[in-house]
2 protein chains.
Amino acid sequence: MILAMTGSNPAILNEITAIVGPAYVATGAEAARWSQDWPGLTQWSPLAVVRPATTGEVAAVVRLANARRVPIVPVSGNTNLVKGTVADSALMLSLDRMSAIREIRAEARVAVVEAGVILATLHAAAAEQDLIFPLSFGARGSAMVGGVLSTNAGGSNVLRYGTTRDLCLGLEVVTPTGDVMNLMSALHKNNSGYDLRHLMIGAEGTLGIITAAVLKLFPRPKAYATAMVAVPSVGVALRLLNRLQDETGGAVEAFEYMPRSFLAALLQRFPQMRPPFEKAHDVNVLVELGARAPRDVTPDAAGAVPICAHLEAVLAGFYDEGLILDAVVAQSEAQRAEIWARREASAQILRVRKPVVENDIAVATDRMEELIARIESVSKALDPNIENTGVAHLGDGNLHYVGWPSREDPALCRAVQEAVEREVIALGGSFSAEHGIGLSKLPAMAEHKDPAALAMMRAIKAAVDPNGIMNPGKLIPDQ
Amino acid sequence: MILAMTGSNPAILNEITAIVGPAYVATGAEAARWSQDWPGLTQWSPLAVVRPATTGEVAAVVRLANARRVPIVPVSGNTNLVKGTVADSALMLSLDRMSAIREIRAEARVAVVEAGVILATLHAAAAEQDLIFPLSFGARGSAMVGGVLSTNAGGSNVLRYGTTRDLCLGLEVVTPTGDVMNLMSALHKNNSGYDLRHLMIGAEGTLGIITAAVLKLFPRPKAYATAMVAVPSVGVALRLLNRLQDETGGAVEAFEYMPRSFLAALLQRFPQMRPPFEKAHDVNVLVELGARAPRDVTPDAAGAVPICAHLEAVLAGFYDEGLILDAVVAQSEAQRAEIWARREASAQILRVRKPVVENDIAVATDRMEELIARIESVSKALDPNIENTGVAHLGDGNLHYVGWPSREDPALCRAVQEAVEREVIALGGSFSAEHGIGLSKLPAMAEHKDPAALAMMRAIKAAVDPNGIMNPGKLIPDQ
């Protein structure tokens, strides 16, 4: 449901200007940078973009919009990939001016931050205290905490640290009726009623606007051991993951899958990059261990860092069993950066070539090999010349599938997309792993989400946002 | 709000009997074991206790009760401490017959279990696969998974593994209208709408009945290092915790505080127990490290297990700095059991003596020392002869405060309770850490919970349970 705009719009803009000041209400050309999504695939025309500076200003704007029944679309870094900030004729509420890191309590290992803090800025602030905020992904230079929380962002370190919701202890939220809800605790145990924090995280702005948060920080790993490894199959890759976890007591920070097709596309797009191995292999994995304990970090008499020696020993064992085809262990920070650069170039490769079918999907790790085989089979049945590729956060079962059909045909693209989703569901997986629903995945929500869960989501949405002003039309499909 | 019973009760019992069979509807004396809470402090008279065997039977009973507006109080192990299962004139729905461990997938490290599985039974089943379900507490021999989830139980291992909600990947829930909601995924990433799993966990049965769950399992630590340590202050204890975490890379499994007063009461009640030290100390801590990596477990040439040597080295360093008054490291499994037995006797000590003021509270770890000092001060101001004691999960900031006032005076008890709660709130803490709200903590919810959060909880309750049949009167205070 998109609310109809009424003749009262100019009046509400005057009132909003009175709240935030004229410099912070953008319309027309001034609003251009908020009027399309990050990949540039979708454009829209917001009524205006309002940029409050405080939680009080956010609440005042929301109260006004709620009274006037004007829809609000919250936005922070605008790096969403599922059309979560499409805002035709709606008021966009940008959190970018609320960018204060209010406090870092190193002893308690928490950061208290506002919604407009850029993820990379938080990384830098934590590093000054020799701590990390472990969530990271390609868009870290522009994604902001508010959007990260509202979409429950994932990334490459989830297997060790969890998704965004696992890293959040407290929240401040402006409700759809313009009240400020203070859940800003820094507690590890707090059983005092429904967990509204987890309800708000991942709600994509449909239940309120996150304005601030208390986030967990962690000790910085004192050394990393990073390698590219080629193995005979995805199944063997998972055996390697489990072996590494067992041998190190759970020190695996990242375990990223790159198929031969991905590396070929990478080298075609960036000819200056070096291939990881002389010979191309089907199944390539980026492995990274992180060591925190001094005894895993302190070099031995020969100058070897124990965590690196450990990784090499596990790889040597697999090699002796004939389970490794090739491996390169980073010997310097520059080599580590080169290994990561291949993985992080994915956004510039996978979205460029058209036509394209993309899907962000998840299964339990022990079903990933079967999923990849089934995708190959069902997509080729629809288009024998389709090229399949992608990358995967293999350690947590999250595949970013990309298919390049052999012809421009929207019906074919849709058919491939839906066939892939059916296989995911058949394997007990999710049709949306970490990118969320927005507008893009509403059809999948309607088809695959448990009906009782959909009914409960609709009941909660109607109860919390009775006038339906918060990011209307997103996340929950119409009945 | 407690719903009034109507003349249709005998009729509904006939209908329920038709669903579950006559052997599984208990009334009168047969219902006695469900008619009081675990400490025996509160009694009630349920309309009947119904014991369905399947999710389908649960749904059929709930549909009937919803149609007839008969309140339902779900119950599993009935070890709740906050009057969460008081059920006067209500239908108690016991999950005890739904006790199947449906599946253990060792590779994916998940257990699929029904709500009536006893926690200790799950522990044993996981152990057969050399895995653990890490949640544990004194009542593990009778507490069941359904109640553990509904109350988001905590315990002694939260600092390493999180609370119950952190250990749950999927849920099956019968909603208040009798629909079955299937959220039984085993996924680590799943952003497909509101996180209804986290809404149900900790809702104390007021939003539906949890019938099954997918729970995380972990590799079994291959060796433990356990010690009792006496230190000069709670602040020093926290420095020791942080040092141990830094030195071991986060291997602390438990860090439990026992004050002198607790150990004195323990030895008075159980004279056959040995005191931990020759001399009594004010601040005593149970420390346990768990090692998973082979190199922390494999004995060296001299027969020493590295994780134990590690603990002894950290303790020796603190001793050299004058920060340890006394320490005993367990040299055998029997000595480890003796150390834990002191801690686990707490339930038999703290609740026995009357009059008693109890409070389950939490603050950030760096504020615990201040909290304990303030409690001493405000309680003594109300009753100069009150004796304060308790135990704490110090590693996660959770204090089980117990005060023994010098006279039987309900008004005094209430005044102490409220004074303690005010100090907790002033320090940014929670008036309910891990036991939940039930009926016992409704006054604290009304006084201290954020008003916007209370309003949202009421809106959600009304939307999800429109007839107010699910565990009415619990968790949310009347307006």
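On a predicted model such as this, the values are computed, not experimentally measured, just so you know.

Caption draft 1: Layout of the interface of chain A and chain B. Counting residues at the interface gives 80 residues for chain A, matched by 80 residues for chain B. Across the interface of chain A and chain B, roughly 6200 Å² is buried in total on both sides, 57% from carbon and sulfur atoms. When residues of chain A are sorted by the area they lose upon contact with chain B, Lys-189, Asn-191 and Tyr-194 of chain A head the list and together hold 17% of the total. At the surface where chain A touches chain B, the tally comes to twelve salt bridges. Residue Lys-189 of chain A pairs with Glu-434 of chain B through a salt bridge whose shortest N-O separation is 2.7 Å. Breaking the side of chain A that touches chain B down by element, the ones donating at least two residues are β9 (180-183), α6 (196-200), α7 (234-248), α9 (294-297), α10 (306-320) and α16 (451-464) of chain A. Per-element accounting of the side of chain A that touches chain B gives the leading share, nine residues, to α16 of chain A. Counted by class, the side of chain A that touches chain B contains 33 nonpolar, 27 polar and 20 charged residues.

Caption draft 2: Region of the structure containing the UniProt feature "domain: FAD-binding PCMH-type" (unreviewed entry) in chain A. When the UniProt feature table is mapped to this numbering, "domain: FAD-binding PCMH-type" (unreviewed entry) covers residues 42-220 of chain A. Annotation note: span residues 42-220 of chain A, helix share 21%, strand share 25%, distance between end C-alpha atoms 39 Å.

Caption draft 3: View of the sheet that holds strand β1 (residues 25-26) of chain B. Residues and elements named next belong to chain B. Pairing within the open sheet is mixed, and its four strands lie in the order β1-β2-β4-β3. On the outer flanks of this sheet lie β1 and β3 (72-75), each paired with one strand and no other. Across three bridges, strand β2 (residues 48-50) lies against strand β4 (residues 91-94) in parallel orientation. Among the inter-strand pairings, Val-50 is bridged to a residue of β4, identified as Leu-93. In the packing of helix α2 (residues 55-68) onto the sheet, contacts are made with β2, β3 and β4, and the angle to β4 comes to roughly 165°.

Caption draft 4: Fine view of the packing of aromatic side chains. A full pass over the atoms with the stated rule returns two aromatic pairs over all chains. Seen in terms of ring centroids, Tyr-161 of chain A and Phe-218 of chain A are 5.1 Å apart; in terms of plane orientation they differ by 70°. Their pairing is edge-to-face. Taken together, the residues Tyr-161 of chain A in helix α5 (residues 158-161) and Phe-218 of chain A in strand β11 (residues 218-219) connect sequence positions 57 residues apart. Phe-218 of chain A matches Tyr-161 of chain A in its accessibility class, with the two residues each being buried. The aromatic ring of Tyr-224 of chain B is capped on one face by Arg-336 of chain B, whose charged end is 4.0 Å from the ring centroid.

Caption draft 5: Main features of the nonpolar core. By size, the foremost hydrophobic cluster in this structure holds 97 residues, and its most contacted members are Tyr-194, Leu-196 and Ile-460 of chain A together with Tyr-194, Leu-196 and Ile-460 of chain B. Among all residues touching Leu-196 of chain B, those that are not within four sequence positions of it are Ala-453, Met-456, Met-457 and Ile-460 of chain A together with Met-181 and Leu-183 of chain B.

Caption draft 6: Quick peek at the relation of the copies chain A and chain B. Placing chain A over chain B gives an RMSD of 0.0 Å and needs a rotation angle of 180°, together with 0.0 Å of translation along the axis. Overall, the copies show the geometry of a two-fold rotation axis. When the interface residues of chain A are mapped onto chain B, 100% of them again fall at the interface, so both copies present the same face.

Caption draft 7: Structural detail: helix α16 (residues 451-464) of chain B. Residue and element names in this part refer to chain B. Taking 1.5 Å of rise per residue, 14 residues should cover 20 Å, and α16 covers 20 Å from first to last C-alpha, within 8% of that figure. Taken together, the buried positions of α16 are occupied by Ala-452, Ala-453, Leu-454, Met-456, Met-457, Ile-460, Lys-461 and Val-464. Between a side-chain oxygen at the N-terminus of α16 and the backbone nitrogen of Ala-452 the separation is 3.1 Å; the capping residue is Asp-450.

Caption draft 8: Broad picture of the packing of helix α13 (residues 368-382) of chain A against helix α14 (residues 410-426) of chain A. All names here are of chain A. In contact at an axis separation of 9 Å, α13 and α14 are set at 150° when each is read in the N-to-C sense. Classified by the angle between their axes, α13 and α14 sit roughly antiparallel to one another. Read as a crossing pair, α13 and α14 show a hand that is right-handed. Mapping the contact onto sequence places Leu-371, Arg-374, Ile-375, Val-378, Ser-379 and Leu-382 in α13 and Leu-412, Ala-415, Val-416, Ala-419, Val-420, Glu-423, Val-424 and Ala-426 in α14. Of the residues belonging to the contact of α13 with α14, the class tally is eleven nonpolar, one polar and two charged.

Caption draft 9: Examining the confidence of the model for chain A more closely. The predicted model of chain A has a mean per-residue pLDDT of 95, with 98% of residues at 70 or higher. When the criterion is pLDDT under 50, residues 1-7 of chain A qualifies, and its contacts beyond four places in sequence or with other chains add up to 14 contacts.

Caption draft 10: Highlighting the environment of Pro-466 of chain A. Residue placement: Pro-466 of chain A occurs in the segment after α16. In this structure Pro-466 of chain A touches Thr-177 and Lys-461 of chain A, once residues within four positions along its chain are discounted.

Quick notes on the rules
- Residues numbered from 1 in each chain as written.
- Chains lettered and ligands numbered in written order.
- Predicted model: local features only at pLDDT ≥ 70, side-chain atom pairs only at ≥ 80, totals over all residues.
- Heavy atoms only, no water.
- Contact = heavy atoms within 4.5 Å.
- Buried area = accessible area lost by both parts, 1.4 Å probe.
- Salt bridge = Lys/Arg side-chain N within 4 Å of Asp/Glu carboxyl O.
- Helix = DSSP H or I, 4+ residues; strand = E, 2+ residues; numbered from the N terminus.
- Nonpolar A, V, L, I, M, F, W, Y, C, P; charged D, E, K, R; others polar.
- UniProt positions renumbered as here; feature names shortened; annotations may be inferred.
- Pairing = 2+ DSSP bridges.
- Axes fitted to C-alpha atoms, helices over the stretch in contact; angles between N-to-C directions.
- Phe/Tyr/Trp six-rings, centres within 6.5 Å; stacked < 30°, edge-to-face > 60°.
- Buried < 20%, exposed > 50% of the residue type's maximum accessible area, 1.4 Å probe, protein only.
- Lys NZ or Arg CZ within 6 Å of the ring centre and 35° of its normal.
- Core = buried A, V, L, I, M, F, W, Y, C linked by side-chain atoms within 4.5 Å.
- Least-squares fit on C-alpha atoms with pLDDT ≥ 70 in both.
- Expected span 1.5 Å × (residues − 1).
- Polar contact = N/O pair within 3.5 Å; in protein donor to acceptor, adjacent residues only side chain to side chain.
- Parallel < 35°, antiparallel > 145°, perpendicular 65-115°, else oblique.
- Left-handed = near helix turned anticlockwise from the far one by under 90°.
- pLDDT = per-residue confidence, 0-100.

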